[in-house]
Amino acid sequence: MSSLVEVLMRVVRAGVLKVLSSGPIPAHLGIIMDGNRRYATRRKLHTTSGHLKGFDKLHEMLFWLLDVGIRNVSVYAFSIDNFKRTEDEVRALMDLAHEKFQALLNDMDLIHRYQVRVLVTGDLARVPVKVGEAAESLMEATRKHSKCVLNICFAYTGCYDIGCAVKAVAGEVERGEVDPSEVDGRLVRDRLLTHGMPPVDLLLRTSGEKRLSDFLPWQCGGAHLAFIDTLWPELSLWDLAQVILEYQDTR
Amino acid sequence: MRSAHHVGGVGREGRGLASGGLDRARVRSTADPSTTTASPSPSYSEEEAGESGVTERGGEPPPSSEEVKVPRHLAVIMDGNYRWALQRGRRGEEGHAAGIDALRTLVECSVSYGVRALTVYAFSVDNWKRGDGERSFIFTLFERCLNTEISELLAKGVCIRFIGVRTGLPHSLRVLMDRAESLTRDNTSLHLTIAINYSARADIVAAARGIARAVSENRIGAEDVDEDLFQSHLSTSVIPPSCGQPDLLLRTSGEERLSNFLLWELAYTELCFVKVNWPDFNEESFENALQEYSKRDRRYGGRTQDQQ
């Protein structure tokens, strides 16, 4: 009986994919994956369980999004502001990140099949060495993939992103490589951590909070913003499909 | 500086208001401008990360949990003038004229509720795409408005400033803008910042270019460049630091996007999108926005108290 349900689900998913593909697909989807801790609290679990569930949800959603035809996905995995949390929680999150980066490195089958280039963007100097090294390895292993991009914003804020771009420009000016009159939108944009990626055209934040929390501010300047109450670990494909349909309505 | 102006109770998620109605008198008394210090925030403590934050206003009794929070700095994208006019079978220009009335209401409500800073998006660089006729009507409307409203703004103690690129605007409008800024320079009741011919990305680029020039002229070294220096080069640095960054952004017309408005500044701002078109914005809309703002729980990346 359960295999019949599975077959039915696959057929329905294929149907949803077809409907979505007939409308405009966002070139770059940004996701603020909020609600892991609330999910854990409501189930009286440790917050680490919530974050684990959150990672699994990302894995589940990612390849479906790529099937829909979205070529660039940026996710807010860890903000520089999250360092303000308790030492225990930060350590648990860093351990989880390390574990998951390693797991991806050890099982690259789907990543190779979909030709996903993985980026880990943020102030990696702030994270434990082992996490930084795992992130670098993942980026190196997928550097030549060119079909789509998964940008994991980790130890990231927009303030840091834009700040780095401006510092880079200042350095180039000081070395005589750039003249101040050449500083324009394209020059600044190409020094952001997301250089090479198109602007975000759809941003989704789960768990009901309605703010950007300094996620890709430059990049989201023209994005349609979708806020849904569902907690990230509880997000379903129907929720995602609905968000994409609403985006298509606005176009 | 990203601090919230909490006049009412602690912003706890899911608290809401006990009743649908708003006790205007009670809100007014705690937001009375005469009890507000005009100087940089000695009575406000910055919200600590990880706490939902209670801002102490020195010497006042603790507010009741039913009171509404008033954002210290309110930002508004005044969208929907054209749609309003179309829906009534009128010309777009009439929508813009009606929009001025709504702005007047917004300024009055802001002063009366004790908002410290109000930043509004009047004209975006993208609006140049509109027809010559509509554009020149809008600029004439701005000029007429600046002429007729200036004495009212002075009487209310509003300090008016403009951000955005002035080259490209009609000379007559620029003269009036300069005059309005200089006449109201010393006012402190409300810092009203109007974005005309503004684009947040262009503003970020201009700030980067300004820093680049300072480096090339050896006024600063590249190693001196940090986020604070960058922020001081943005056009919004004309807003007194005591007002902080916007606590609440309101956009009318139902569009759910920032449209290149204050991107750096809106990092932690609560966003509120309402379906009413701008000319229909009234005092009730303002109160609804405050009620919505009061329900929000601002965590700045940390935890709320009920998650400690």
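Residues numbered from 1 in each chain as written. Chains lettered and ligands numbered in written order. Predicted model: local features only at pLDDT ≥ 70, side-chain atom pairs only at ≥ 80, totals over all residues. Heavy atoms only, no water.

Peer 1: Would you explain the pattern of salt bridges in this entry?
Peer 2: When charged atoms on two side chains of opposite charge get close, those side chains can pair. Counted under the stated rule, the structure contains 37 salt bridges over all chains. Across the salt bridge formed by E140(A) and R143(A), the nearest N and O atoms sit 2.8 Å from each other. A salt bridge links R175(A) to E177(A); its shortest N-O distance comes to 2.8 Å. By relative accessible area, which is 49% here, E177(A) ends up partly exposed. Members of the salt-bridge network, linked through shared partners, are D34(A), R38(A), R205(A), E209(A), R211(A), E270(B), E292(B) and R296(B). (Salt bridge = Lys/Arg side-chain N within 4 Å of Asp/Glu carboxyl O. Buried < 20%, exposed > 50% of the residue type's maximum accessible area, 1.4 Å probe, protein only.)

Peer 1: Mind showing me how you'd approach the sheet that holds strand 1 (residues 28-32) of chain A here?
Peer 2: Strand-to-strand pairing in sheets goes through backbone hydrogen bonds, with the strands running parallel or antiparallel. All names here are of chain A. Read across the open sheet, the 6 strands follow the order 3-4-2-1-5-6; overall the sheet is parallel. Edge positions in the open sheet fall to strand 3 (116-121) and strand 6 (224-227), since each of these has one partner strand only. Adjacent strand axes in the sheet meet at a mean angle of 15°, parallel and antiparallel pairs treated alike. Across 6 bridges, the pairing between strand 3 and strand 4 (residues 148-156) is parallel. Bridge pairing links V118 to L150 in strand 4. Together, strand 1, strand 2 (72-79), strand 3 and strand 4 form the strand contacts of helix 3 (residues 47-68), whose direction differs from that of strand 2 by roughly 160°. (Pairing = 2+ DSSP bridges. Helix = DSSP H or I, 4+ residues; strand = E, 2+ residues; numbered from the N terminus. Axes fitted to C-alpha atoms, helices over the stretch in contact; angles between N-to-C directions. Contact = heavy atoms within 4.5 Å.)

Peer 1: Would you mind going over helix 9 (residues 237-250) of chain A with me for this structure?
Peer 2: Residue and element names in this part refer to chain A. Along its 14 residues, helix 9 runs 20 Å from first to last C-alpha, staying within 8% of the 20 Å computed at 1.5 Å per residue. All of the buried residues in helix 9 are L237, L240, A241, V243, I244, Y247 and Q248. Looking straight down helix 9, one finds that the buried residues subtend no more than 160° of arc, so they occupy a single side. The secondary structure elements touched by the buried residues of helix 9 are helix 1 (2-21), helix 3, strand 5 (202-205) and strand 6. (Expected span 1.5 Å × (residues − 1). Arc of directions from axis to C-beta.)

Peer 1: What is the right way to look at the environment of R251(A) in this model?
Peer 2: Residues and elements named next belong to chain A. Mapped onto the secondary structure, R251 falls in the segment after helix 9. Its relative accessible area of 60% is what places R251 among the exposed residues. Between the C-alpha atoms of R251 and H224, which are 27 residues apart in sequence, the distance is 9.5 Å. Separated by 3.0 Å, the side chains of R251 and Y247 make a polar contact. (Polar contact = N/O pair within 3.5 Å; in protein donor to acceptor, adjacent residues only side chain to side chain.)

Peer 1: Looking at this structure, how should I read the confidence of the model for chain B?
Peer 2: As a general rule, the predicted coordinates of low-pLDDT regions are not to be interpreted in detail. All names here are of chain B. Chain-level statistics for chain B give a pLDDT mean of 80 and a share of 76% at 70 or above. With pLDDT under 50 throughout, residues 1-65 is counted as low confidence; its partners more than four residues away or in other chains account for 149 contacts. As scored by the predictor, the complex reaches a pTM of 0.86 and an ipTM of 0.94. (pLDDT = per-residue confidence, 0-100.)

Peer 1: Looking at this structure, how should I read the pairing of strand 4 of chain A?
Peer 2: On a regular strand, one side chain projects to one face of the sheet and the next to the other, so that they alternate. All names here are of chain A. The element strand 4 is largely enclosed, with a buried count of 9 among its 9 residues. Two strands pair when backbone bridges link them, and strand 2 and strand 4 are joined in this way by 7 bridges, in the parallel orientation. Bridged to Y76 within strand 4 is C153.

Peer 1: Would you mind showing me how to read the packing of helix 3 (residues 92-113) of chain B against helix 8 (residues 283-294) of chain B here?
Peer 2: The description of two packed helices rests on the angle between their axes and on the distance between the axes. Residues and elements named next belong to chain B. Between helix 3 and helix 8, the least distance of the axes is 9 Å, while the angle of their chain directions is 50°. Taken together, the axes of helix 3 and helix 8 are oblique relative to one another. Our pair here, helix 3 against helix 8, has a crossing hand that is right-handed. Contact residues: helix 3 offers T105, L106, C109, S110 and Y113, while helix 8 offers E283, F286, E287 and L290. In terms of residue class, the contact of helix 3 with helix 8 is built from 5 nonpolar, 2 polar and 2 charged. (Parallel < 35°, antiparallel > 145°, perpendicular 65-115°, else oblique. Left-handed = near helix turned anticlockwise from the far one by under 90°. Nonpolar A, V, L, I, M, F, W, Y, C, P; charged D, E, K, R; others polar.)

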